[in-house]
Amino acid sequence: TVDLALSSLSRRHPPLSAEVIELSTHLLEVISSEIIGGGDVGYVAPLSENESYARGILRLVELGSGGGGMMTTTTNENGETKDDGNKTIVRWEPLAVGLRLIVDYLQARTGELPPPPPRTDGCGNGDDEDEGTGLGTGGGGVYAEGPRIPKIDPVAPLGIVENINGGAGATTTNNNTNESNGKKPPAGSTPPTANSPVFELMKALPSIVDAHVEHAEPRVRSLVAQVVGVYALYATSLLNWLDSCSISEEVGTNDCSNDEENNQLKQLKQSIYSAQTGRRAIHAAILLSLTSHLQMKEPSRTDNPSAASDGALDDTTGWRALETNLHALASYIDGCVGRSSSNARADDVVVGDDSGHNAGNGSYVDEEIHLFQSPELGGGGGDDQFGWLLSGLEHCCVIHVNRHVRAASAAVLGVLVKACMRSSSRGSGDSHRDLLVDETSLFRSVLKNSLRSTLEDNWSQVRMAGSVLCRRFVRALLRIHRLDGKLNSEEGIDEDDESDDEDEELTLFESAIAPDLVPMLLPRMCLNRFYLAQGVKLYSQDTWKLVFGNNGTQQQHSDSPDELYSSE
């Protein structure tokens, strides 16, 4: 919790500067003064309009970025301590605590927003595939540290059919509540005002992320990834709120004239769209760092890592900032929950901001569709802006020697699948679904090659990440198949029924999964149910039940899994 993080600063040895200690004490007092008595015991208000708290967080980050160091000293032969002058050592602890406070602050602000209306297009909210307890970045589906806890739920005999239609057994996650933390949003909570300190905090965050995305301390980089996720989630949730409700009634006050009310509304819109510009700047900083790391020299998995590496670049230790860059990108994608039907209008953007329409609509696939296009289809002539990210992710999943990088890149692919399902019905037709089902799609090809490798990786950590990606991809294909069938029935198009002798569940699987994917996925899904690592085994068994129902272990396929595996 944030109070424990703040109190830890006073216990650091060697001690931190006096300003850091005083600031942490002040922030603790502000938090304790916001405890609400009565009602839910221990419920903490979000500190939404406390400027002192928001600016204190920024000051703590500043001190940990260069102004909160301690004086360096040397000890002579007599044991006397001597000051080395003005040289200081920058301590990362205030920065880490400040980033942790930012995560908590923005999560609380997101919880204040009214929940978005439920989807009516059958795509769900894309979050029913989240399992276990990750770091809580974005929508909660990004796992950057610690063991993944498999999600084992009772599954009806037709589990996958009911789940993909939001019926019995369907699980949903509301990105705009704090219920995942065991807390409910405060009664009567409202969106921010134009002058809310949260916008001052968000204005400073892009430069903070850019400065520390490659920080030397990996724990700081992991916290930066969390900040990226909550920033994207709050910024795009603001867009959802702006797009789905009449904010003029909520912004205006009874004692204001229409001109004053309109001015408040305009200022709030400007602040929200300015936050989108900052969000896009954060994404650009992550991609820039990721590009430089993907271009690094690395050993092949078939070579001797110690002979080909520069420094500690093997298959167990971290690979500089590449792993945390992937976590930051996954958190960003997972946090982009925008449902806006159109991009921000240029006249709504802050005066002096020349980005205009680049504020985006909050949907990652809509905003970054060029990253999913191959050079031939996108820009032609080998344009570097097209397809490089997917090719880099495939390289990290299949070839990269470092197991942490392979697992992290699989997590990025997983949230990209979720992003395609989130945005598949917002004025884009079926183009985003086609990224998953079209055999000529670069994204689909990358998913196929990455799943083939990660589902049989020697490291259980990577195989677990591949199993999560497999479940998400298969369930997305099944959902698309059911939605297409529903659409055809509504349009009066008769589909050829399969023979009554064939099993309905396997027929659904085979008809939804393309012929080139079935022989690759089925044997790996089957054999991973008996894998040595307990987490992979339980998770794979649960996936099998979700796809084939409770009687899935008794199902037969036209080609047995061992024959398919031999052919692979």
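Residues numbered from 1 in each chain as written. Predicted model: local features only at pLDDT ≥ 70, side-chain atom pairs only at ≥ 80, totals over all residues. Heavy atoms only, no water.

1. Comments concerning the overall build of the protein
So, step 1. Along its length, the protein carries 22 helices and 2 strands.
So, step 2. Looking at the 568 residues of the protein, the share that counts as buried comes to 50%.
So, step 3. Considering only contacts in the protein between residues 6 or more positions apart, those separated by 24 or more positions represent 74%.
So, step 4. Entry remark: accessible area of the protein is about 25,500 Å², with carbon and sulfur atoms responsible for 49%. (Helix = DSSP H or I, 4+ residues; strand = E, 2+ residues; numbered from the N terminus. Buried < 20%, exposed > 50% of the residue type's maximum accessible area, 1.4 Å probe, protein only. Contact = heavy atoms within 4.5 Å. Areas by Shrake-Rupley, 256 points an atom, 1.4 Å probe, with all protein chains shown as cover.)

2. Re unusual backbone geometry
So, step 1. Here His-13 and Pro-14 are connected by a cis peptide whose omega angle stands at 0°.
So, step 2. Residue placement: Pro-14 occurs in the loop between α1 (2-8) and α2 (18-33).

3. A look at the packing of aromatic side chains
Aromatic rings considered in pairs are described by the distance between their centres and by the relative angle of their planes.
So, step 1. Summed over all chains, the structure comprises 4 aromatic pairs.
So, step 2. A ring pair is formed by Tyr-332 and Tyr-364, whose centres lie 5.9 Å apart and whose planes are at 75°; its orientation type is edge-to-face. In this pair, Tyr-332 is assigned in helix α11 (residues 322-335) and Tyr-364 in helix α12 (residues 364-367), connecting sequence segments 32 residues apart. In this structure, Tyr-332 and Tyr-364 share a single accessibility class: buried.
So, step 3. A cation sits over an aromatic face here: Arg-403 above Trp-459, 3.9 Å from the ring centre. (Phe/Tyr/Trp six-rings, centres within 6.5 Å; stacked < 30°, edge-to-face > 60°. Lys NZ or Arg CZ within 6 Å of the ring centre and 35° of its normal.)

4. A word on helix α15 (residues 403-422)
So, step 1. Taking 1.5 Å per residue as the helical rise, α15 with its 20 residues ought to reach 28 Å, and the 29 Å between its terminal C-alpha atoms agrees with that figure.
So, step 2. Between the side-chain oxygen at the start of α15 and the backbone nitrogen of His-404 there is a gap of 2.9 Å, and the oxygen is on Asn-402. (Expected span 1.5 Å × (residues − 1). Polar contact = N/O pair within 3.5 Å; in protein donor to acceptor, adjacent residues only side chain to side chain.)

5. Examining the pattern of salt bridges
So, step 1. Taken as a whole and judged by the stated rule, the model has 18 salt bridges.
So, step 2. Among the salt bridges present, the one from Glu-112 reaches Arg-109, with a minimum N-O distance of 2.9 Å. You can see Glu-112 and its partner Arg-109 sitting in helix α4 (residues 93-112), 3 residues apart, about one turn around the helix.
So, step 3. The exposure class of Glu-112 is buried, given its relative accessible area of 5%.
So, step 4. Its salt-bridge partner being Asp-334, residue Arg-422 comes within 3.9 Å of it at the nearest N-O pair. Of this pair, Arg-422 sits in helix α15 while Asp-334 sits in helix α11; the two residues are 88 residues apart in sequence, bridging distant segments of the chain. An identical accessibility class is assigned to Arg-422 and Asp-334; each is buried.
So, step 5. One network of salt bridges, in which partners are shared, links Arg-279, Arg-280, Glu-367 and Glu-368. (Salt bridge = Lys/Arg side-chain N within 4 Å of Asp/Glu carboxyl O.)

6. So, the packing of helix α17 (residues 442-454) against helix α20 (residues 518-527)
So, step 1. Look at α17 against α20: their axes get within 10 Å of each other, and the N-to-C directions meet at 30°. Regarding the angle of α17 to α20, the classification is roughly parallel. In the crossing of α17 with α20, the sense of the turn from one axis to the other is left-handed. In this structure, α17 contributes Lys-448, Leu-451 and Arg-452 to the contact, and α20 contributes Met-520, Leu-521 and Arg-524. (Axes fitted to C-alpha atoms, helices over the stretch in contact; angles between N-to-C directions. Parallel < 35°, antiparallel > 145°, perpendicular 65-115°, else oblique. Left-handed = near helix turned anticlockwise from the far one by under 90°.)

7. Quick notes on the side chain of Ser-450
So, step 1. Its location among the elements puts Ser-450 in helix α17.
So, step 2. Owing to a relative accessible area of 0%, Ser-450 belongs among the buried residues under this scheme.
So, step 3. For Ser-450, the side chain forms a polar contact with the main-chain oxygen of Val-446, separated by 2.8 Å.
So, step 4. Sequence-distant contacts of Ser-450, defined by excluding residues within four places in its chain, comprise Glu-394, Cys-397, Val-398 and Leu-413.

8. Side note on the environment of Ala-108
So, step 1. Along the chain, the position of Ala-108 falls in helix α4.
So, step 2. Classification of Ala-108 as buried rests on a relative accessible area of 17%.
So, step 3. Taking C-alpha positions, Ala-108 is 9.9 Å from Val-230, a pair spaced 122 residues apart along the chain.

9. Some details on the nonpolar core
So, step 1. Counting residues in each nonpolar core, the largest one holds 123 residues, and the members touching the most others are Leu-106, Tyr-364, Phe-372, Leu-416, Leu-436, Phe-443 and Leu-521.
So, step 2. Counting residues per element, this core draws most heavily on helix α7 (residues 218-244), at 15 residues.
So, step 3. Among all residues touching Leu-416, those that are not within four sequence positions of it are Ile-333, Tyr-364, Phe-372, Leu-390, Leu-393 and Phe-443.
So, step 4. Ranked by size, the runner-up nonpolar core spans 5 residues in total, among them Met-464, Val-468, Val-536 and Tyr-539. (Core = buried A, V, L, I, M, F, W, Y, C linked by side-chain atoms within 4.5 Å.)

10. Some thoughts on the confidence of the model for the protein
So, step 1. When the pLDDT values of the protein are averaged, the result is 73; 60% of them are 70 or greater.
So, step 2. pLDDT under 50 marks residues 36-45. Its contacts with residues more than four places away, or in other chains, come to 9 contacts.
So, step 3. Scored below 50 in pLDDT, residues 497-506 shows 12 contacts in the model against residues more than four places distant or in partner chains. (pLDDT = per-residue confidence, 0-100.)

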